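Residues per chain, in single letters:
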Amino acid sequence: MQIHKIKVDGNVYHLPEQSAAKQMELFEQLGARILANFVNSEMEKIETDFLFGVLLSMKKIDGISIEDIADNVLYKCFKENTSERVMLGDFQGQIASYTRLVAEGVRANLEDFFTSIESQAFKERERIRQQELVKTVSKMKKPKSKKA
C-alpha cells in the first residue's frame, strides 16, 4: 500500500491508498462522470480543480455525497504530526479545503485510471471532431435547390 503525502492549503496529510476493491468501487462511482466531463472539456490532464468540480456536482445528480467518497479515500488519512484520522469536523469553516483533500484522495487512488481516461477522452474528442467535419462537408456538398 502506497502512502501519498498531500499538501492542501498549507497543511500536509498522509493518505494511504485504498484496496483494489475499494479503488474499483470509487472508479465505478466516479468514472463515467469524470470521463463525460473530461471529454467535453479542453483539458489534457485531470487536475485537482477538475475533480473538485466533479465532486460538487455529484449528490444532486447521482445521490452520492462528498462524504460517501471521503469515507472511501480518507479512511486512514492523517494530518502530519498527528495520530488521529482526519474527519469532516476538523474542517469547520474550511469546507473547500476538505473537498480539495477528498479530490486529492480521489487522485491518489485513481491515478492509473486517469491515464486511461485521458487516453479515452482524446480518442472520443477526435471521434466527435471527425463527425463534425463529416457534417460540415456534407452540408457543403448538398446541391442547392432550383427555384422554378
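In short, a report on the structure. Being a predicted model, the structure only gives us computed values, none of them experimental.

Thresholds, definitions, all that
Residues numbered from 1 in each chain as written. Predicted model: local features only at pLDDT ≥ 70, side-chain atom pairs only at ≥ 80, totals over all residues. Heavy atoms only, no water. Helix = DSSP H or I, 4+ residues; strand = E, 2+ residues; numbered from the N terminus. Buried < 20%, exposed > 50% of the residue type's maximum accessible area, 1.4 Å probe, protein only. Pairing = 2+ DSSP bridges. Contact = heavy atoms within 4.5 Å. Axes fitted to C-alpha atoms, helices over the stretch in contact; angles between N-to-C directions.

Secondary-structure assignment places Asn81 in the loop between β3 (78-79) and α4 (95-141). Asn81 sits in the exposed class, given a relative accessible area of 79%. Along the chain, Asn81 and Met43 lie 38 residues apart, while their C-alpha atoms are 36 Å from each other.

A few words now on the environment of Ala36. Looking at the element boundaries, Ala36 is found in helix α1 (residues 20-39). Residues Ala36 and Leu56, 20 residues apart in the sequence, show an inter-C-alpha distance of 15 Å.

Here the focus is the sheet that holds strand β2 (residues 11-16). In space, the three strands of this open sheet follow the order β1-β2-β3, with antiparallel pairing throughout. Looking at strand neighbours, the two that pair on one side only are β1 (3-8) and β3, the edges of this open sheet. Bridging between β1 and β2 involves six bridges; their strand directions are antiparallel. Note that in β2 the partner of Val8 across the bridge is Asn11. Packed on one face of the sheet, α4 meets β1 and β2 and runs near 150 degrees to β1.

Note that every value here comes from positions in space, so none of it alone points to a role or purpose.
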